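Geometric and topological summary
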Amino acid sequence: MSTPSDTPPGTHAGTDHEPGDVPAQRRLALNEDWAATVVGLLLLVLILSGLWPGWLVP
């Protein structure tokens, strides 16, 4: 793939990201993973405390 002549070698044309930046899709996936973890732990606590019957959770 060729790069435009005004782009210095080693850079990608059309990107304004720093090398350590995390793409937006990856940040969203981390948030979804943490949300699922929190919900799972909450269900576990509710079931172990007896506030939520275990048969309601598959």
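Predicted, not measured: the structure shown is a model, and the values here were computed from it.

Secondary structure summary: the protein chain contains one helix and zero strands in total. Counting only residues that meet the buried cut, the protein chain has 2% of its 58 residues in that class. Total accessible area on the protein chain stands at roughly 5500 Å², and carbon and sulfur atoms take up 65% of it.

On the surface, Leu41, Leu44 and Leu48 cluster together into a nonpolar patch covering about 330 Å² of accessible area. If you trace the backbone, Leu44 turns up in helix α1 (residues 24-49). Using a relative accessible area of 45% as the deciding quantity, one classes Leu44 as partly exposed.

Conventions we followed
Residues numbered from 1 in each chain as written. Predicted model: local features only at pLDDT ≥ 70, side-chain atom pairs only at ≥ 80, totals over all residues. Heavy atoms only, no water. Helix = DSSP H or I, 4+ residues; strand = E, 2+ residues; numbered from the N terminus. Buried < 20%, exposed > 50% of the residue type's maximum accessible area, 1.4 Å probe, protein only. Areas by Shrake-Rupley, 256 points an atom, 1.4 Å probe, with all protein chains shown as cover. Patch = residues over 30% accessible without salt bridge, like charges linked within 9 Å, V, L, I, M, F, W, Y side chains within 5 Å. Salt bridge = Lys/Arg side-chain N within 4 Å of Asp/Glu carboxyl O.

Distances and angles like these do not, on their own, reveal function.
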